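Each chain, written out:
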Amino acid sequence: MLDSMQKDALTEIINVYIGKAASLLSEMVNQRIILSVPEIELIAVTQEGQPSKHLPPIFSPGHIISSSIGFGQKLQGKAFLIFPAEQAKLLVNVCLGEDVTITENEGLLEFFDTDFDVLKEISNVILNAIIGELSNFMDTRVQYSLPDIELIAISESDSKIILKDSTYILLLHTTFLLSETQVNGFVLIALSMNSVTWLLEKIDALLEA
Amino acid sequence: MHQLVCLAIDKVNLGIIIIDQDFNIVLWNSWLVRWTGYSAETMIGINLLEVYPRFASKTYLAILNNALFNGQSRFCSGALHKTFIPPAEDVQHNVRQNMLVEPIYDCGNKYVLIQITDMTGHYTRVKGLKNIIKEIELEYEQVKASEVVSIYQALHDSLTGLPNRNLFNDRVNSILQLAKRNGERFAVMFLDLDGFKEINDSFGHEAGDLILQNIAKRLKLLLRNSDTLARLGGDEFLLLFPGIKSRADVITIATKIKNDFTQAYSFQENEVYLSASMGISIYPEDGDDARTLIRNADIAMYSVKSKGKNGFCFFSDLD
């Protein structure tokens, strides 16, 4: 889907964007947060809703927290920030300066509404930053929705739901480093076919320049 | 219609502010009037950044500008930001508000819609709930810990730390099942100290307790790991010897115990000499349940007592 040059260019661009998101987050929670995206993949979704390649373990059965923002106009799609439930809880606890040891009670983590609010805001900051910078890069304006947050129990067949209406998924493996705690999640940007084609053209233009 | 919308905006249970691109307030709803004590007439036309300087700080100015010029919506949680619009009087502590910032474009003009939701009660409840959960977890840990202690206490003698009658019975029953299945033999010994009452009378109970602890320690050294030594109370002990091949094995250990008593027990710079009377029953000949085996060992022990003490006797040797 992406050749190595395109992949490198996109990884570099995205890391700059996410760096900006990290500084916004750091200010917000008053501690140093380092965000990095070591790997980017572009996955095509076939008409049957099946991804063209194996999805990462985030889609393996279990509970995940997914926060999503839709964006539209010329650049169109939906961006998701996804964490395994226990990683999400860890992130919230670090941000609130609470105990970072997570104990799972009979497979159920204790999530309060207020925890979801914190996650909603974190995802809002990160996704706005990425989409915002991406739209700057594409030299266009987008409209954003507010984040929707969900706790989802994923079974084997459910991974399709997220991918249902999208043609292409830009998958950013994202690592949060907060003081001494590492939290792993994913940023997933589902893009329409036109948007992907346009993005690739822009990257190619950048590479040729 | 316009008036209906205005009425509705004044009825909603959240604060609604609309500012123009110069940050001047164009809408200030009734919820905010009640919350802050500032009337709409006072607030409309006033610059938000001047009346609430928090919005002039870098972070919040960026949020407002992003809404105005980049079309970005933003949610801010009370958990991280606490308060945006403080209440009129400082009667409420720990005020928490969620804030939603969204762009509105109308007839070529840019506006920002700010929605403030009071989450104070909610946060107080969550905090209370978190404390309750912590307390319950702590109590549960304590109950678990005290359970372990109670189980230990229920099965052990507090003076010597040896198993008590209950645990001894339990061990006999386990060994009994194994012995039945594997066709093995085992022995139960009833041991009663000779002349212990005199020691208690002459030196006092405290001295008696020290000697009992000493005896328990020395007896344990004579036994294999698989053997069980239990204290019934007073000067009575029970011993269980699994995997006995013949009477000779039991005679060996009984003799070892008898000989050990020839050495003095010292306490508080005194020395005393004691002896023991031991009765022995063997499974399966002398009984096939714990109760019978212990009773028969006891009977054999009494026979030793009546025949001059300081020795051992098998139940099967009684007339």
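Before reading further, recall that the structure is shown in the block above.
First, a word on scope: everything that follows refers to the structure included in this document.

Rules used throughout
Residues numbered from 1 in each chain as written. Chains lettered and ligands numbered in written order. Predicted model: local features only at pLDDT ≥ 70, side-chain atom pairs only at ≥ 80, totals over all residues. Heavy atoms only, no water. Helix = DSSP H or I, 4+ residues; strand = E, 2+ residues; numbered from the N terminus. Buried < 20%, exposed > 50% of the residue type's maximum accessible area, 1.4 Å probe, protein only. Contact = heavy atoms within 4.5 Å. Buried area = accessible area lost by both parts, 1.4 Å probe. Salt bridge = Lys/Arg side-chain N within 4 Å of Asp/Glu carboxyl O. Polar contact = N/O pair within 3.5 Å; in protein donor to acceptor, adjacent residues only side chain to side chain. 1 Å grid on protein atoms, 1.4 Å probe; cavity = no way out; pocket = protein on both sides within 12 Å on 5 of 7 lines; lining within 4 Å. Points joined across faces, edges and corners; volume = space filled by probe spheres on them. Nonpolar A, V, L, I, M, F, W, Y, C, P; charged D, E, K, R; others polar.

## As for unusual backbone geometry
All names here are of chain B. Across the junction of Tyr 283 and Pro 284, the peptide omega takes the value 5°, indicating a cis bond. Mapped onto the elements of the fold, Pro 284 is located in the loop between strand 11 (275–283) and helix 12 (290–306). At Lys 82, a position not held by glycine, the phi torsion is positive, near 65°. Considering the arrangement of structural elements, one finds Lys 82 in the loop between helix 6 (78–81) and strand 4 (97–106). Taking relative accessible area as the criterion, Lys 82 reaches 48% and is therefore assigned partly exposed.

## Overview of the interface of chain B and chain A
Taken together, the 26 residues of chain B in the interface contact 25 residues of chain A. Between chain B and chain A, a total of about 2200 Å² is buried, with carbon and sulfur atoms accounting for 54% of that surface. Among the residues chain B hides against chain A, the three largest losses belong to B:Phe75, B:Leu80 and B:Lys130. Together they make up 29% of the total. Linking chain B with chain A are two salt bridges, by the criterion used here. At the boundary of chain B with chain A, the tally comes to 14 residue pairs in polar contact (both at pLDDT 80 or more).

## Re the pattern of salt bridges
The final tally for this structure, using the stated rule, is 12 salt bridges over all chains. A:Lys89 is the salt-bridge partner of A:Asp115, the closest N and O atoms lying 2.9 Å from each other. Of the two residues, A:Asp115 is situated in helix 3 (residues 113–137) and A:Lys89 in helix 2 (residues 85–95); the sequence distance between them amounts to 26 residues. This pair shows no difference in class: A:Asp115 is buried, exactly as A:Lys89 is. A salt bridge links B:Arg224 to B:Asp227, with the nearest nitrogen and oxygen atoms 2.7 Å apart. For B:Arg224, a relative accessible area of 40% translates into the label partly exposed. Within this structure, B:Asp192, B:Asp194 and B:Lys305 form a network of salt bridges that share partners.

## What about the layout of surface pockets?
Counted as a void, the second largest pocket has a volume near 450 Å³. Counting only elements with at least two residues in the lining of the second largest pocket, the list comes to helix 1 (4–29), helix 3 and strand 4 (142–144) of chain A together with helix 5 (58–70) of chain B. With eight residues, the single largest contributor to the lining of the second largest pocket is helix 3 of chain A. Residue composition of the lining of the second largest pocket, grouped by class: 10 nonpolar, 12 polar and four charged.

Treat this as a map of the structure, not an account of what it does.
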